[in-house]
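Examining the three-dimensional arrangement
The lines below spell out each chain.
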Amino acid sequence: MNSNPHEPTASGSASSPAEVTLRLIASLPAPEGLAERVQTALDAAPRRGRVLAWPRTLRPESGWMRSAAAAAIVLVVAGGGWGVYTRVQQNGPAKVIVMPARMPATGGFTGAGAIRTPLTLPGPKAPIKVSPAANPAQPRTAKKPVANQKPASGGTSQPDETAAGAPR
Amino acid sequence: MSTSQAIVAGIAGIAAEWMENPTSAMNDEARRRAEDHALAAMVDQYSSALYRVAYSVLRNQADAEDAVQEAFVRVLRHRDSLAEVRDHRVWLIRIVWNIVLDRKRRAKTRPETDDVAELARVLPSTGLSAEERAAAAQHHAHVLGCVDQLPAKEREVLMLSAFEELSSVEIASVLGISESSVRSRLFRARNLMASLLDHARNSGERSLR
């Protein structure tokens, strides 16, 4: 272990068995020929593939790709708009659809032109009370004979006949 | 000039236009050679350090060598950005560190006997008898087993701190943390290791009684 920064006396066990063992292992020499074997492995490792270079006039640094992409976007948007424009019809005269006349079925029942009006259409009507004096057209009913009126003869009570002077 | 001659001349002109610029091709070739040369120099200079970092985690010679090769293959793939790297050594250690951690995570846990055998094979054995060498390997394997019990953050800092060539600033750079975090994690790792080893020692003594 290095002596500079680790403060070996911090825990009071600077040369503890653990550190002695770890130091022993850490100081083990590398096997012979390790560097050569690693170098051989690196030589055998697959290298990064080379990419074909762009021609000078078409190098991506010139920004032509960006321009081409912008032009392609504009072309697609304009083409789409034109396609929609040509497919949608202009404002022409409205088509009038003539409905065929209804022909009654032969041999069936018809309504004879009757139109049913719902009863609820005029609305409810309150009953009107009409007084007899106000309505002279209504015939007067026969009044009950007055109690103090005495019959002309007998004791029979037939006022109608007496009043009318019917023959006996 | 006949019509056919004019057509041939036109085609030749277009072909000449489409051909690659020779000056640019020469520049690319020279740049590629320079990159290969720089990479070869990096392999010579840092492969040993990268191997030791990889071995400290994987504890297997073949796996560590594979990790080093994979790290340099990754560098080869990203060699265009080599010029932007400020410290190649720390950058390479960071690459191999990520590789070995990933491999360690994916690999199944090996039995401790494998570690003992591997350590007995690779550890220096000068002046030691066969029995002492086996005992030392057993001891180191036991210590490494305790290291493996540490939390990942503390373990990583402790393992990287064992490399003499790495300062705490560089460890922080490898792990992507601040230097103060490195210090605090190292402090915790040492304390935890001490307690783990004490606990193992006490339990061993109790079993002997």
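Residues numbered from 1 in each chain as written. Chains lettered and ligands numbered in written order. Predicted model: local features only at pLDDT ≥ 70, side-chain atom pairs only at ≥ 80, totals over all residues.

1. Some points on the overall build of chain A
- Regarding its fold elements, chain A presents four helices and zero strands.
- Each helix and strand of chain A, ordered N terminal to C terminal, gives the series α-α-α-α.
- The buried share of chain A, taken over its 168 residues, is 7%. (Helix = DSSP H or I, 4+ residues; strand = E, 2+ residues; numbered from the N terminus. Buried ≥ 20, exposed ≤ 12 C-beta atoms within 10 Å, placed from the backbone.)

2. What to know about helix 3 (residues 64–87) of chain A
- The end-to-end C-alpha distance of helix 3 of chain A is 34 Å, a good match for the 34 Å that 24 residues give at a rise of 1.5 Å each.
- In terms of burial, helix 3 of chain A is a largely surface element, zero of the 24 residues being buried. (Expected span 1.5 Å × (residues − 1).)

3. Digging into the interface of chain A and chain B
- With 33 residues of chain A in contact, the opposing surface of chain B contributes 46 residues.
- At the level of elements, helix 1 (17–26) and helix 2 (34–44) of chain A are the ones that each hand at least two residues to the side of chain A that touches chain B.
- Looking at the side of chain A that touches chain B element by element, the count peaks at nine residues for helix 1 of chain A. (Contact = placed C-beta atoms within 7 Å.)

4. With respect to the nonpolar core
All names here are of chain B.
- If you look at the biggest cluster of nonpolar residues, it comprises 53 residues, and the most contacted ones within it are Leu-50, Ala-54, Ala-67, Val-68, Ala-71, Val-96 and Leu-158.
- Top element by residues in this core is helix 2 (residues 22–58). It accounts for 10 residues.
- Setting aside its immediate chain neighbours within four residues, Ala-54 contacts Ala-64, Ala-67, Val-68, Val-96 and Val-100. (Core = buried A, V, L, I, M, F, W, Y, C linked by C-beta atoms within 7 Å.)

5. Notes on the packing of helix 4 (residues 88–106) of chain B against helix 8 (residues 168–175) of chain B
Residues and elements named next belong to chain B.
- Relative to each other, helix 4 and helix 8 sit at 45°, their axes nearing to 9 Å. Between helix 4 and helix 8, the crossing angle belongs to the class labelled oblique. Our pair here, helix 4 against helix 8, has a crossing hand that is right-handed. Residues Val-90, Ile-93, Arg-94 and Trp-97 of helix 4 form the contact with helix 8, whose own contacting residues are Glu-170, Ser-173 and Val-174.
- Tallied by class, the residues present in the contact of helix 4 with helix 8 amount to four nonpolar, one polar and two charged. (Axes fitted to C-alpha atoms, helices over the stretch in contact; angles between N-to-C directions. Parallel < 35°, antiparallel > 145°, perpendicular 65-115°, else oblique. Left-handed = near helix turned anticlockwise from the far one by under 90°. Nonpolar A, V, L, I, M, F, W, Y, C, P; charged D, E, K, R; others polar.)

6. Some thoughts on the packing of helix 2 of chain A against helix 3 (residues 61–77) of chain B
- Contact pair helix 2 of chain A / helix 3 of chain B: the axes reach a minimum separation of 9 Å and the direction vectors enclose 45°. Judged by the angle between their axes, helix 2 of chain A and helix 3 of chain B are oblique. In the crossing of helix 2 of chain A with helix 3 of chain B, the sense of the turn from one axis to the other is right-handed. Contacts between helix 2 of chain A and helix 3 of chain B involve Leu34(A), Val38(A), Ala41(A) and Leu42(A) from the former and Glu65(B), Val68(B), Gln69(B), Phe72(B), Val73(B) and Leu76(B) from the latter.
- Grouping the constituent residues of the contact of helix 2 of chain A with helix 3 of chain B by class yields eight nonpolar, one polar and one charged.

7. Section: the confidence of the model for chain B
Residue and element names in this part refer to chain B.
- Per-residue pLDDT for chain B has a mean of 80; in total, 79% of the residues score no lower than 70.
- Averaged pLDDT values over the elements of chain B bottom out at 53 in helix 1 (residues 3–18) and peak at 92 in helix 8.
- Interface scoring of the predicted complex returns ipTM 0.70; its pTM is 0.56. (pLDDT = per-residue confidence, 0-100.)

8. Re the confidence of the model for chain A
Residue and element names in this part refer to chain A.
- The predicted model of chain A has a mean per-residue pLDDT of 69, with 55% of residues at 70 or higher.
- Per-residue pLDDT, averaged within each element of chain A, yields its smallest value for helix 4 (residues 159–164) (44) and its largest for helix 3 (93).
- Taken together, the stretch residues 1–14 has pLDDT below 50 and engages in 26 contacts with residues farther than four places along the chain or on a different chain.
- Overall, residues 152–168 carries pLDDT values under 50, and its contacts beyond four positions in sequence, including any with other chains, amount to seven contacts.

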